[in-house]
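Survey of secondary and tertiary structure
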Amino acid sequence: MGEVLKFSWKPAEMQRPHDLAQELQRYFLILMKRLAILVILALRLAPQLRAQAVAEGRVQLRRAGVPSVVNQRYEMNLDASVIAPDPPTAVVYLEGRFPAQASAPPRARMAQKNIAFETALLPVQVGTTVEFPNEDDTYHNIFSYSKPKRFDLGRYRKDEKPPTVFFDKAGPVALHCDIHEFMQAVILVLDTPYFVKTDLKGNYSLGKLPAGHYTLKAWVDSKTTYSRQVDLRPGATIHADFP
Ligand SMILES: [Cu+2]
């Protein structure tokens, strides 16, 4: 037995240095390939990671209780009334020339639940499709007379496929319900992919911004938009309050 083993092992041992060298060479090549892929990925990601800046601060909100969107309802001259979210919140957004995006903005939704819109203010980018699901057991009839989009969704039930509206023009769109007069909301259509809604105190943090010189704006209502120039440095956070 021992003899046989000895006999069979000997050539293998002699072969080993050669195999090992080949094996090492193979591993080295695989390692180099992986390293090259990592370097390429890192180089591709680096400008994006480096370029991201953050803007944060506080927006002075509209005082609660000031007549807003609901008063627009039966007025003939729509420009005379103010479109404002209730409760007051604002939207901060970055304005400038940005490279065209490869894909359409994601769908958004404005549901009706407990005889109210699910949010008082919904910011969306131009080119966004918004769904209006009815999650109540009663009917609603959502409509808007606002310039950027006029529509009337009619009545539909909870179990029906919700109608959608495509928002292709920038501006505030006041939403009303023909059945429940107190229901109101605003869809703010913006010509930028960079926007964020403030909290109820006016605080905001807008991240993933491109580096460069831009205009940072804060929309409070249809007659109040604050604006300031900002210099966004790669990886830096700026503090900007409005006004
Ligand atoms: Cu309603």
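Because the structure is predicted, anything quoted here is derived from the model rather than measured.

Right, let's get into the overall build of the protein chain. Looking only at helices and strands, the protein chain features 1 helix and 15 strands. Per-residue burial over the protein chain gives 27% buried out of 243 residues. A separation threshold of at least 6 residues defines the contact pool for the protein chain, and within that pool the share at least 24 residues apart is 64%.

Moving on to the nonpolar core. Ranked by internal contacts, the top residues of the largest apolar core, which has 43 residues, are V92, V186 and I187. The element best represented in this core is strand 10 (residues 184–190), accounting for 6 residues. Other than its neighbours up to four places away in sequence, I187 contacts M110, L122, V124, V130, F167, V173 and L175.

Pairing is mixed across the open sheet formed by 3 strands, whose spatial order is 12-1-15. This sheet does not close on itself; its edge strands, each paired only once, are strand 12 (203–209) and strand 15 (237–239). Taken over all neighbouring pairs, the strand axes of this sheet differ in orientation by 15° on average, direction set aside. Relative to strand 12, strand 1 (residues 53–58) runs antiparallel, the two being bridged by 5 bridges. Bridging from a neighbouring strand, E56 pairs with S205 of strand 12.

Bridge count for strand 1 against strand 15 is 3 bridges, and the pairing is parallel. By the bridge assignment, E56 is partnered in strand 15 with H239.

Attention now moves to the confidence of the model for the protein chain. Mean pLDDT over the protein chain: 87, with 83% of residues reaching 70 or higher. Low confidence marks residues 1–5, where pLDDT is under 50. Its contacts with residues over four positions away, or in another chain, come to 0 contacts. Confidence drops under pLDDT 50 across residues 74–80; counting only partners more than four residues distant or on other chains, this segment forms 4 contacts.

Read from one edge of the open sheet, 5 strands run 4-10-9-6-7, paired in mixed fashion. Bordering the open sheet on either side are strand 4 (121–125) and strand 7 (151–152), each of which pairs with just one other strand. Bridge count between strand 6 (residues 142–144) and strand 7: 2 bridges; the pairing is antiparallel. Residue pairing across strands places S144 opposite F151, the latter belonging to strand 7.

Right, let's talk about unusual backbone geometry for a bit. Omega for the bond connecting D86 with P87 falls within 30 degrees of zero, at 5°, which places this linkage in the cis form. Examined against the element boundaries, P87 turns out to sit in the loop between strand 1 and strand 2 (91–95). In this structure, I115 is a non-glycine residue whose phi angle is positive, near 55°. Summarising the element assignment, I115 is placed in the loop between strand 3 (108–109) and strand 4.

So, about the environment of T128. Looking at where T128 falls in the secondary structure, it is placed in strand 5 (residues 128–131). Look at T128 and you get buried, because 20 C-beta atoms sit within 10 Å. Residues contacting T128, with those up to four places away along its chain left out, are P105, A108 and F167.

Take the pairing of strand 5 next. Taking every second residue as pointing to the same face, the buried face of strand 5 carries T128 and V130, while none of T129 and E131 on the other face is buried. Bridge count for strand 3 against strand 5 is 2 bridges, and the pairing is parallel. Looking at the pairing, R109 lines up with E131 of strand 5. Relative to strand 8 (residues 164–167), strand 5 runs antiparallel, the two being bridged by 4 bridges. Along strand 8, the bridge assignment pairs T128 with F167.

Summarising the element assignment, I142 is placed in strand 6. The exposure class of I142 is buried, given the 24 C-beta atoms found within 10 Å. As for I142 and H176, which are separated by 34 residues in sequence, their C-alpha atoms are 5.6 Å apart. Setting aside residues up to four positions removed in sequence, I142 forms contacts with F132, L153, L175 and C177.

Conventions we followed
- Residues numbered from 1 in each chain as written.
- Predicted model: local features only at pLDDT ≥ 70, side-chain atom pairs only at ≥ 80, totals over all residues.
- Helix = DSSP H or I, 4+ residues; strand = E, 2+ residues; numbered from the N terminus.
- Buried ≥ 20, exposed ≤ 12 C-beta atoms within 10 Å, placed from the backbone.
- Contact = placed C-beta atoms within 7 Å.
- Core = buried A, V, L, I, M, F, W, Y, C linked by C-beta atoms within 7 Å.
- Pairing = 2+ DSSP bridges.
- Axes fitted to C-alpha atoms, helices over the stretch in contact; angles between N-to-C directions.
- pLDDT = per-residue confidence, 0-100.

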